[in-house]
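Architecture and fold: a report
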Amino acid sequence: MSAIIKAGAIDGDRFDRSRRIKWIDMEKIESARCFVAGAGALGNEVIKNLVLSGVRSITLVDMDFIVRSNLNRCVLFREEDTLKKTMKADVIAKRAKELNPGIDITPVNSRIEEIDSSCLKNHDVVFGCLDNIGARMHLNAYAYFYGVPYIDGGTDGTTGKIQVVLPPDTPCLQCTTNKTHARILEKRFSCTGQDISIYEPKIPAEITTTSIIAAIQVREGLKILSGKKEYCIRHVCYYNGFLNTFDSFEVSLDPMCPVHLSKFSKSVHPYSHS
Ligand SMILES: [Zn+2]
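Moving on: helix H6 (residues 133-145). With 13 residues, H6 should reach 18 Å at 1.5 Å per residue; the first-to-last C-alpha distance of 18 Å fits that figure. With 10 of 13 residues buried, H6 lies mostly within the body of the structure. Every buried residue of H6 is accounted for by Ile133, Gly134, Ala135, Arg136, Met137, His138, Leu139, Asn140, Ala143 and Tyr144. Regarding H6, its N-cap is Asn132, as a side-chain oxygen of that residue lies 3.3 Å from the backbone nitrogen of Gly134 further along. Just downstream of H6 lies Gly147, where phi reads positive at about 70 degrees.

This brings us to the coordination of the zinc ion. Tetrahedral coordination by four donors puts the ideal angle at the metal at 109.5 degrees, and octahedral coordination by six puts it at 90 or 180 degrees. Distances from the zinc ion to its protein donors, Cys172 (SG), Cys175 (SG), Cys257 (SG) and His260 (NE2), fall at 2.2 to 2.3 Å. Coordination at the zinc ion is irregular, judged from the 4 donor atoms that bind it and the angles of 84 to 124 degrees they form at the metal. Expressed as a motif, the donor residue spacing for the zinc ion is C-x2-C-x81-C-x2-H. Of this pair, Cys172 sits in the loop between strand S6 (159-165) and helix H7 (179-183) while Cys257 sits in the loop between strand S8 (245-249) and helix H9 (258-261), and the two are 85 residues apart along the sequence. Look at Cys257 and you get buried, because its relative accessible area is 1%.

Okay, helix H4 (residues 41-53) next. The terminal C-alpha atoms of H4 lie 18 Å apart, and with 13 residues this matches the ideal 18 Å at 1.5 Å per residue to within 8%. The buried fraction of H4 is high, at 11 of 13 residues. Turning to H4, its buried residues are Ala41, Leu42, Gly43, Asn44, Glu45, Val46, Ile47, Asn49, Leu50, Val51 and Ser53. One or two steps after H4, the chain reaches Gly54, where phi turns positive at roughly 110 degrees.

What follows covers the layout of surface pockets. What the second largest pocket holds in volume is close to 200 Å³. Considering the residues around the second largest pocket, the lining is formed by Ser18, Ile21, Trp23, Ile24, Met26, Asn49, Ser53, Ala215, Val218, Arg219 and Leu222. At the level of secondary structure, the elements contributing two or more residues to the lining of the second largest pocket comprise H4 and helix H8 (207-225). Of the residues forming the lining of the second largest pocket, the biggest block, 4 residues, is contributed by H8. Here the lining of the second largest pocket is composed, by residue class, of 7 nonpolar, 3 polar and 1 charged.

Rules used throughout
Every chain is numbered independently, its residues counted from 1 as its sequence is written. Owing to the predicted nature of the model, reporting of local features is limited to residues with pLDDT of at least 70; listing and counting of side-chain atom pairs is limited to 80 or more, with chain, interface and lining totals taken over all residues. Hydrogen atoms and water are omitted, and side-chain values are computed over all heavy atoms in the structure. Where helices and strands are cited, they refer to DSSP runs of H or I of at least four residues and of E of at least two residues respectively, numbered from the N terminus. What a helix is expected to span follows from its residue count: subtract one and scale by 1.5 Å. Relative accessibility decides the category of a residue: with a 1.4 Å probe and only protein chains considered, values under 20% of the type maximum give buried, values over 50% give exposed, and everything between is partly exposed. Polar contact is the term for a pair of N or O atoms within 3.5 Å; when the atoms are in protein, one must be able to donate a hydrogen and the other to accept it, and sequence-neighboring residues count only if both atoms are side-chain atoms. Any N, O or S atom lying within 2.8 Å of the metal counts as a donor, and for Na, K and Ca the limit rises to 3.2 Å; water is left out, so some sites can look incomplete. Irregular is the label for any site that misses the other tests, which are tetrahedral for four donors with all angles between 85 and 135 degrees, and square planar for four donors or octahedral for six when opposite donors exceed 155 degrees and the remaining angles lie between 65 and 115. Any residue with an atom within 4 Å of a point lines the site, the site being either a cavity, points on a 1 Å grid over the protein atoms alone where a 1.4 Å probe fits but cannot get out, or a pocket, an open set with protein on both sides within 12 Å along at least 5 of 7 lines. Grid points are joined across faces, edges and corners, and a volume is the space filled by probe spheres set on the points. Gly is placed with the polar residues, together with every amino acid not listed as nonpolar (Ala, Val, Leu, Ile, Met, Phe, Trp, Tyr, Cys and Pro) or charged (Asp, Glu, Lys and Arg).

If you want it as C-alpha coordinates, here you go:
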(Lines give C-alpha, C1' and ligand atoms only; values in the text may rest on other atoms or scores of the structure.)
Protein backbone atom coordinates (compact mmCIF):
# COMPACT_ATOMS: atom_id res chain seq x y z
CA MET A 1 0.00 0.00 0.00
CA SER A 2 1.40 3.42 -0.91
CA ALA A 3 2.05 5.97 1.82
CA ILE A 4 -0.42 8.76 2.44
CA ILE A 5 0.97 12.07 1.15
CA LYS A 6 -0.28 15.32 2.65
CA ALA A 7 -1.77 17.73 0.13
CA GLY A 8 0.88 20.22 -1.04
CA ALA A 9 3.82 18.28 0.45
CA ILE A 10 5.18 17.23 -2.92
CA ASP A 11 5.21 20.69 -4.40
CA GLY A 12 6.48 22.25 -1.17
CA ASP A 13 9.75 20.32 -1.37
CA ARG A 14 12.29 22.18 -3.53
CA PHE A 15 14.03 18.93 -4.48
CA ASP A 16 11.06 16.57 -4.74
CA ARG A 17 11.61 15.98 -8.48
CA SER A 18 15.34 15.41 -7.98
CA ARG A 19 14.69 12.83 -5.23
CA ARG A 20 12.66 10.82 -7.76
CA ILE A 21 15.87 10.01 -9.67
CA LYS A 22 16.94 6.78 -8.01
CA TRP A 23 20.72 7.16 -8.18
CA ILE A 24 20.73 10.71 -6.83
CA ASP A 25 21.58 10.93 -3.13
CA MET A 26 20.13 14.29 -2.09
CA GLU A 27 21.39 13.95 1.48
CA LYS A 28 25.00 13.70 0.30
CA ILE A 29 24.53 16.41 -2.33
CA GLU A 30 23.04 18.82 0.19
CA SER A 31 25.91 18.27 2.61
CA ALA A 32 28.64 18.44 -0.08
CA ARG A 33 31.30 21.15 -0.34
CA CYS A 34 32.20 22.11 -3.90
CA PHE A 35 35.09 24.22 -5.20
CA VAL A 36 34.65 26.09 -8.48
CA ALA A 37 37.68 27.67 -10.17
CA GLY A 38 36.64 30.32 -12.68
CA ALA A 39 33.56 32.56 -12.74
CA GLY A 40 33.31 33.04 -16.48
CA ALA A 41 30.89 31.36 -18.87
CA LEU A 42 31.41 27.81 -17.55
CA GLY A 43 31.56 29.07 -13.96
CA ASN A 44 28.16 30.77 -14.33
CA GLU A 45 26.56 27.59 -15.63
CA VAL A 46 28.31 25.27 -13.17
CA ILE A 47 27.25 27.41 -10.19
CA LYS A 48 23.67 27.66 -11.47
CA ASN A 49 23.54 23.88 -11.93
CA LEU A 50 25.11 23.12 -8.56
CA VAL A 51 22.71 25.40 -6.70
CA LEU A 52 19.64 24.11 -8.54
CA SER A 53 20.86 20.54 -7.92
CA GLY A 54 20.94 21.10 -4.16
CA VAL A 55 24.60 21.79 -3.37
CA ARG A 56 24.63 24.26 -0.49
CA SER A 57 28.30 24.96 0.20
CA ILE A 58 30.46 26.42 -2.60
CA THR A 59 33.80 28.23 -2.83
CA LEU A 60 34.22 30.26 -6.04
CA VAL A 61 37.56 31.70 -7.15
CA ASP A 62 38.10 34.21 -9.98
CA MET A 63 40.35 37.22 -10.59
CA ASP A 64 38.35 39.06 -13.26
CA PHE A 65 35.68 41.74 -13.46
CA ILE A 66 32.67 41.71 -15.76
CA VAL A 67 32.78 43.22 -19.26
CA ARG A 68 30.03 43.61 -21.82
CA SER A 69 31.32 40.83 -24.08
CA ASN A 70 30.62 38.33 -21.26
CA LEU A 71 26.87 38.88 -21.67
CA ASN A 72 26.34 36.46 -24.58
CA ARG A 73 26.88 33.45 -22.31
CA CYS A 74 26.77 34.31 -18.60
CA VAL A 75 23.30 33.70 -17.17
CA LEU A 76 23.98 35.39 -13.82
CA PHE A 77 25.49 38.63 -15.21
CA ARG A 78 23.46 41.74 -16.04
CA GLU A 79 24.06 44.86 -18.15
CA GLU A 80 24.43 46.92 -14.96
CA ASP A 81 27.35 44.74 -13.82
CA THR A 82 29.44 45.88 -16.78
CA LEU A 83 29.26 49.55 -15.78
CA LYS A 84 30.95 49.24 -12.38
CA LYS A 85 33.81 46.79 -13.04
CA THR A 86 32.11 44.39 -10.62
CA MET A 87 34.09 41.26 -9.78
CA LYS A 88 32.66 38.13 -11.41
CA ALA A 89 32.87 35.95 -8.29
CA ASP A 90 31.08 38.56 -6.14
CA VAL A 91 28.22 38.92 -8.63
CA ILE A 92 27.75 35.17 -9.06
CA ALA A 93 27.69 34.69 -5.28
CA LYS A 94 24.98 37.34 -4.95
CA ARG A 95 22.82 36.02 -7.81
CA ALA A 96 23.25 32.37 -6.79
CA LYS A 97 21.71 33.21 -3.43
CA GLU A 98 18.68 34.53 -5.31
CA LEU A 99 18.32 31.02 -6.82
CA ASN A 100 18.43 29.48 -3.32
CA PRO A 101 18.79 31.76 -0.27
CA GLY A 102 19.78 28.73 1.80
CA ILE A 103 23.20 28.29 0.19
CA ASP A 104 26.58 29.27 1.61
CA ILE A 105 28.77 30.54 -1.26
CA THR A 106 32.16 32.15 -0.64
CA PRO A 107 33.58 34.31 -3.47
CA VAL A 108 37.38 34.68 -3.58
CA ASN A 109 38.77 37.41 -5.86
CA SER A 110 42.13 35.90 -6.72
CA ARG A 111 44.14 34.01 -9.30
CA ILE A 112 43.84 30.29 -8.65
CA GLU A 113 47.64 30.07 -8.31
CA GLU A 114 47.59 32.57 -5.44
CA ILE A 115 45.11 30.91 -3.08
CA ASP A 116 46.19 28.60 -0.26
CA SER A 117 45.87 25.31 -2.14
CA SER A 118 45.45 23.34 1.07
CA CYS A 119 41.85 24.62 1.17
CA LEU A 120 41.06 22.13 -1.61
CA LYS A 121 41.18 19.27 0.88
CA ASN A 122 38.13 20.78 2.60
CA HIS A 123 36.06 20.19 -0.53
CA ASP A 124 34.44 17.08 -2.00
CA VAL A 125 34.66 17.92 -5.72
CA VAL A 126 36.68 20.53 -7.64
CA PHE A 127 35.27 21.99 -10.87
CA GLY A 128 37.68 23.55 -13.35
CA CYS A 129 36.01 26.33 -15.35
CA LEU A 130 39.24 27.97 -16.43
CA ASP A 131 40.41 29.64 -19.62
CA ASN A 132 44.11 28.77 -19.64
CA ILE A 133 46.23 25.67 -19.38
CA GLY A 134 48.61 26.95 -16.71
CA ALA A 135 45.82 27.47 -14.17
CA ARG A 136 44.31 24.09 -15.08
CA MET A 137 47.60 22.29 -14.48
CA HIS A 138 48.04 24.05 -11.16
CA LEU A 139 44.55 23.08 -9.99
CA ASN A 140 44.92 19.54 -11.35
CA ALA A 141 48.18 19.01 -9.44
CA TYR A 142 46.83 20.23 -6.09
CA ALA A 143 43.46 18.48 -6.39
CA TYR A 144 45.32 15.24 -7.13
CA PHE A 145 47.74 15.82 -4.26
CA TYR A 146 44.88 16.20 -1.81
CA GLY A 147 42.94 13.32 -3.36
CA VAL A 148 39.95 15.42 -4.40
CA PRO A 149 38.07 14.52 -7.62
CA TYR A 150 38.62 17.13 -10.32
CA ILE A 151 36.23 17.75 -13.22
CA ASP A 152 37.71 19.97 -15.89
CA GLY A 153 35.66 21.69 -18.58
CA GLY A 154 36.66 23.70 -21.61
CA THR A 155 35.04 25.10 -24.74
CA ASP A 156 36.18 26.54 -28.05
CA GLY A 157 33.28 27.84 -30.12
CA THR A 158 30.84 24.98 -30.57
CA THR A 159 33.26 22.30 -29.42
CA GLY A 160 33.99 21.33 -25.84
CA LYS A 161 35.78 18.88 -23.60
CA ILE A 162 35.24 17.36 -20.16
CA GLN A 163 37.86 15.37 -18.25
CA VAL A 164 37.12 13.56 -14.99
CA VAL A 165 40.09 12.91 -12.70
CA LEU A 166 39.52 10.53 -9.79
CA PRO A 167 42.77 10.29 -7.83
CA PRO A 168 44.55 7.94 -7.49
CA ASP A 169 42.77 5.71 -10.04
CA THR A 170 42.57 7.72 -13.24
CA PRO A 171 45.01 9.68 -15.41
CA CYS A 172 45.19 13.39 -14.64
CA LEU A 173 45.27 16.44 -16.91
CA GLN A 174 49.06 16.44 -16.86
CA CYS A 175 49.07 12.84 -18.20
CA THR A 176 47.18 14.01 -21.26
CA THR A 177 49.18 17.17 -21.88
CA ASN A 178 50.93 17.24 -25.22
CA LYS A 179 53.66 19.47 -26.64
CA THR A 180 51.19 21.99 -28.00
CA HIS A 181 49.82 22.46 -24.51
CA ALA A 182 53.32 22.89 -23.13
CA ARG A 183 54.09 25.68 -25.61
CA ILE A 184 51.09 27.71 -24.55
CA LEU A 185 51.25 26.80 -20.88
CA GLU A 186 51.91 30.32 -19.72
CA LYS A 187 49.46 32.09 -22.00
CA ARG A 188 46.52 33.68 -20.32
CA PHE A 189 43.22 34.74 -21.84
CA SER A 190 41.82 37.19 -19.33
CA CYS A 191 38.60 38.77 -20.58
CA THR A 192 39.72 42.14 -19.30
CA GLY A 193 43.22 41.98 -20.70
CA GLN A 194 44.78 41.80 -17.24
CA ASP A 195 47.69 39.52 -16.57
CA ILE A 196 48.27 38.57 -20.17
CA SER A 197 51.84 37.59 -20.92
CA ILE A 198 51.34 36.78 -24.59
CA TYR A 199 48.46 38.24 -26.59
CA GLU A 200 46.26 35.80 -28.46
CA PRO A 201 43.02 36.24 -30.36
CA LYS A 202 39.99 35.79 -28.11
CA ILE A 203 38.60 32.28 -28.11
CA PRO A 204 35.12 32.06 -29.69
CA ALA A 205 32.41 31.25 -27.15
CA GLU A 206 28.63 30.98 -27.04
CA ILE A 207 26.01 29.78 -24.58
CA THR A 208 24.65 26.55 -26.12
CA THR A 209 28.00 24.75 -26.00
CA THR A 210 28.94 26.31 -22.66
CA SER A 211 25.71 25.16 -21.05
CA ILE A 212 26.11 21.60 -22.37
CA ILE A 213 29.70 21.24 -21.14
CA ALA A 214 28.89 22.76 -17.72
CA ALA A 215 25.83 20.54 -17.36
CA ILE A 216 27.94 17.44 -17.98
CA GLN A 217 30.56 18.65 -15.50
CA VAL A 218 27.93 19.04 -12.78
CA ARG A 219 26.20 15.76 -13.60
CA GLU A 220 29.51 13.92 -13.25
CA GLY A 221 29.96 15.71 -9.93
CA LEU A 222 26.53 14.57 -8.75
CA LYS A 223 27.50 10.97 -9.59
CA ILE A 224 30.64 11.27 -7.46
CA LEU A 225 28.74 12.83 -4.57
CA SER A 226 26.01 10.18 -4.82
CA GLY A 227 28.58 7.36 -4.59
CA LYS A 228 28.31 6.43 -8.28
CA LYS A 229 31.77 7.39 -9.52
CA GLU A 230 32.01 4.14 -11.51
CA TYR A 231 29.48 5.68 -13.92
CA CYS A 232 31.61 8.79 -14.55
CA ILE A 233 33.15 9.61 -17.93
CA ARG A 234 36.31 7.57 -18.54
CA HIS A 235 38.32 9.71 -18.93
CA VAL A 236 37.93 12.46 -21.52
CA CYS A 237 34.79 13.40 -23.42
CA TYR A 238 34.78 15.53 -26.58
CA TYR A 239 31.65 17.27 -27.82
CA ASN A 240 31.16 18.85 -31.25
CA GLY A 241 27.92 20.79 -31.36
CA PHE A 242 28.17 21.52 -35.08
CA LEU A 243 28.72 17.92 -36.22
CA ASN A 244 26.58 16.44 -33.41
CA THR A 245 29.30 14.13 -32.13
CA PHE A 246 29.97 13.15 -28.57
CA ASP A 247 32.92 10.83 -27.92
CA SER A 248 34.52 9.46 -24.76
CA PHE A 249 38.10 8.19 -24.68
CA GLU A 250 40.03 6.23 -22.13
CA VAL A 251 43.55 7.59 -21.80
CA SER A 252 46.59 6.03 -20.16
CA LEU A 253 48.18 7.09 -16.94
CA ASP A 254 51.62 8.45 -17.83
CA PRO A 255 54.19 6.75 -15.55
CA MET A 256 56.45 9.79 -15.95
CA CYS A 257 53.70 12.32 -15.12
CA PRO A 258 55.18 14.67 -12.50
CA VAL A 259 51.82 14.84 -10.69
CA HIS A 260 51.83 11.07 -10.07
CA LEU A 261 55.52 11.04 -9.25
CA SER A 262 55.03 13.60 -6.51
CA LYS A 263 54.23 12.39 -3.02
CA PHE A 264 50.54 11.62 -2.86
CA SER A 265 48.73 13.04 0.13
CA LYS A 266 48.04 10.36 2.71
CA SER A 267 44.88 12.06 3.85
CA VAL A 268 41.82 9.93 3.22
CA HIS A 269 39.28 11.61 1.03
CA PRO A 270 35.74 10.29 1.24
CA TYR A 271 35.05 10.40 -2.50
CA SER A 272 38.43 9.23 -3.82
CA HIS A 273 39.61 6.32 -1.77
CA SER A 274 36.44 4.36 -1.23
ZN1 LIG B 1 49.10 12.54 -14.37
